[in-house]
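# Structural characterization, general
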Amino acid sequence: MPAYPADRPNDPDTSALVDRIPGWGVDLDTANRPSVPRELPVEPAPGVHWTVPDDQPERWPRERSNEHAFLPPVFGTSTPPRGLSGAIRKFAYRYSEGRAAHWLILLYADRVASVEAHLTSFASARPDNPITETGIASEFSHNGWSSRRGSARVDTNHTWIDPLIVGGPWVITGALAGVAIRRLFGVARRSRR
């Protein structure tokens, strides 16, 4: 059976839920539903030759929610899971989408993916530029500071910390690399003596 048929033949009988869960089915009556005039009719739009789109081919095992039996007919393929961040994303789907653990693990996977992207940029011909990524150049070329001074813009609250958040990890990484290089040269000098 396809995932999302227009006539919804697999809708469960929810009459027991109405008695058990307060508020269940409150919008079943179309008179109580404010979006009814904008809702699309159940019949397919003109020119549609299918009731459910053909399933998109799955080129690699996709992450899938444990709350759904199958993938939707069409899903995104722009960023396939790869590396450590991909393994963390797959691990997140062991948890229900209703649990905070699922979403927190996915947020952590995003942070890991950004670190992976920075590391792979060093191997490319055009590595990331931490100076331009902080946006500091636009402060001088596009009236950055003067556009915020004396205005009621909300982003002025965090302006002071933005360079620290973006540039801070680069400074810390550079300092750690400097310490590591000093130690290596120190060990090399001691071994020569």
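Residues numbered from 1 in each chain as written. Predicted model: local features only at pLDDT ≥ 70, side-chain atom pairs only at ≥ 80, totals over all residues. Heavy atoms only, no water.

By the element assignment, Ser121 lies in helix 3 (residues 100-122). Exposure remark for Ser121: the relative accessible area of 7% places this residue in the buried category. At 3.3 Å, the side chain of Ser121 and the backbone nitrogen of Asp128 are in polar contact. The contacts of Ser121, once residues within four sequence positions are left out, are Arg126, Pro127 and Asp128. (Helix = DSSP H or I, 4+ residues; strand = E, 2+ residues; numbered from the N terminus. Buried < 20%, exposed > 50% of the residue type's maximum accessible area, 1.4 Å probe, protein only. Polar contact = N/O pair within 3.5 Å; in protein donor to acceptor, adjacent residues only side chain to side chain. Contact = heavy atoms within 4.5 Å.)

Let's shift gears to the packing of aromatic side chains. In this structure the tally under the stated criterion is one aromatic pair. With a centroid separation of 5.8 Å and an interplanar angle of 80°, the aromatic rings of Phe91 and Tyr95 are classed as edge-to-face. Overall, Tyr95 belongs to the partly exposed group, its relative accessible area being 25%. (Phe/Tyr/Trp six-rings, centres within 6.5 Å; stacked < 30°, edge-to-face > 60°.)

Secondary-structure assignment places His102 in helix 3. Under the relative-accessibility criterion, His102 is labelled buried at 1%.

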